[in-house]
Amino acid sequence: MTRSSRVMCTMVSLVVGGAVASAQDLGPNFRKLKEGIYVQSAREVNSTVGIVLTTEGVVLIDTGQTLVDTRQVADAVKKLTPLPVRFVINTEVHPDHTTGNFVFSPPAVVINHAGAGDAMRKAETPNRFANAAPEIKAAAEGYRLVTPQVEYQEKMTLRVGERTFELLRVRNAHSEADTAVWLPQERVLFAG
């Protein structure tokens, strides 16, 4: 191995492994599933956000049950890596999976099945946070509807760094556009 190869390997391991916080450091709602794969479970219901670290940045699966959860995820990502969130994959179109898209995009690219954007625009409610609790209002600062920039048809393969994400359309499940996210090498499945 050449000196430059050793330096590059050391830099990658520092970025991916050296600055990584443990799941306990992230808060009580976070768990580590596998190396570089975390999940945040919402406080009120069984809704989760997947956080997947790669050598090229972070991929999120959904953005949080509430905007307070979304802000916790954003803080956790900063503790885990200096790399940016590159992609947000929504597993469905409902607000408990998508409202937090604006926190990460731009620069992150949002992805879901075809029809997701239309369904999200149709369901958008003006002044939706007007009567929200103070902590939700604070977390909603800067809110704007962010629909998927990429909508796939039946399936899509996304490669980010060393990881492969297989996005699969799920028919007649829960919303107008449902997606399952399979990481084949890690044998991890995310679904709404």
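Quick caveat, the model's predicted, so the values are computed rather than measured.

S.K.: Mind showing me how you'd approach the sheet that holds strand 7 (residues 150–152) here?
M.R.: Either a parallel or an antiparallel arrangement is found when strands of a sheet pair, and the pairing is made through backbone hydrogen bonds. Strand order across the open sheet formed by 7 strands is 1-2-3-4-5-6-7, with mixed pairing between neighbours. Two strands bound the open sheet, and with one partner strand each, they are strand 1 (30–34) and strand 7. The sheet shows a mean angle of 20° between the axes of neighbouring strands, direction not considered. Sheet analysis places strand 5 (residues 85–89) next to strand 6 (residues 109–113), joined by 3 bridges and oriented parallel. Of the residues in strand 6, the one forming a bridge with Val-88 is Val-110. Lying on the sheet, helix 3 (residues 67–80) is in contact with strand 1, strand 2 (37–41), strand 3 (48–54), strand 4 (57–61) and strand 5; it crosses strand 3 at an angle near 20°.

S.K.: Teacher, can you tell me more about the pattern of salt bridges here?
M.R.: Pairing of side chains with opposite charge becomes possible as their charged atoms draw close. Counted under the stated rule, the structure contains 6 salt bridges. Asp-118 is the partner of Arg-121 in a salt bridge, and the nearest nitrogen-oxygen pair spans 2.9 Å. Placement of the pair is Arg-121 and Asp-118 together in helix 6 (residues 116–123), with a separation of 3 residues, close to one helical turn. With a relative accessible area of 55%, Asp-118 lands in the exposed category. Here Glu-186 ties to Arg-163 by a salt bridge, and the two come within 2.7 Å at their closest N and O atoms. Of this pair, Glu-186 sits in the loop between strand 10 (178–183) and strand 11 (188–191) while Arg-163 sits in strand 9 (residues 163–170); the two residues are 23 residues apart in sequence, bridging distant segments of the chain. Here Glu-186 falls in the buried class, since its relative accessible area comes to 12%.

S.K.: In this structure, what is going on with the sheet that holds strand 10? I would like to understand it.
M.R.: One open sheet accounts for 4 strands, arranged 8-9-10-11; its pairing is antiparallel. This sheet does not close on itself; its edge strands, each paired only once, are strand 8 (155–160) and strand 11. For this sheet the average axis-to-axis angle between neighbouring strands, irrespective of direction, equals 20°. Looking at chain direction, strand 10 and strand 11 are connected through 4 bridges and run antiparallel. Paired with Ala-180 across the bridge in strand 11 is Ala-191.

S.K.: Please clarify how the nonpolar core should be interpreted in this entry.
M.R.: The tendency in soluble globular proteins is for nonpolar side chains to be buried as a group. Residues Ile-51, Leu-60, Val-73, Val-85 and Phe-104 are the most contacted members of the largest nonpolar core, which totals 27 residues. At the level of secondary structure, the elements contributing two or more residues to this core comprise strand 3, strand 4, helix 3, strand 5, helix 5 (101–104) and helix 7 (134–139). Here the element with the most residues in this core is helix 3; it accounts for 7 residues. In contact with Val-73, other than residues within four places in its own chain, are Phe-30, Gln-40, Val-49, Ile-51, Leu-60 and Phe-104.

S.K.: When you look at the side chain of Thr-147 in this model, what are you seeing that I'm missing?
M.R.: Looking at the element boundaries, Thr-147 is found in the loop between helix 7 and strand 7. Separated by 3.2 Å, the side chains of Thr-147 and Arg-121 make a polar contact.

S.K.: How do you make sense of the pairing of strand 4 when you look at a structure like this?
M.R.: A regular strand carries its side chains on alternate faces of the sheet. Burial of strand 4 is extensive: 5 of the 5 residues sit out of reach of the surface. Here strand 3 runs beside strand 4; their pairing, made up of 5 bridges, is antiparallel. Within strand 4, the position partnered with Val-52 by the bridge is Val-59. The antiparallel hairpin formed by strand 3 and strand 4 contains 2 residues in its connecting segment. Across 4 bridges, strand 4 lies against strand 5 in parallel orientation. Bridge assignment links Val-59 to a residue of strand 5, and that residue is Phe-87. Considered for its hand, the β-α-β crossover made up of strand 4, helix 3 and strand 5 is right-handed.

Conventions and cut-offs
Residues numbered from 1 in each chain as written. Predicted model: local features only at pLDDT ≥ 70, side-chain atom pairs only at ≥ 80, totals over all residues. Heavy atoms only, no water. Pairing = 2+ DSSP bridges. Helix = DSSP H or I, 4+ residues; strand = E, 2+ residues; numbered from the N terminus. Axes fitted to C-alpha atoms, helices over the stretch in contact; angles between N-to-C directions. Contact = heavy atoms within 4.5 Å. Salt bridge = Lys/Arg side-chain N within 4 Å of Asp/Glu carboxyl O. Buried < 20%, exposed > 50% of the residue type's maximum accessible area, 1.4 Å probe, protein only. Core = buried A, V, L, I, M, F, W, Y, C linked by side-chain atoms within 4.5 Å. Polar contact = N/O pair within 3.5 Å; in protein donor to acceptor, adjacent residues only side chain to side chain. Right-handed = clockwise from strand over helix to strand, strands pointing away.

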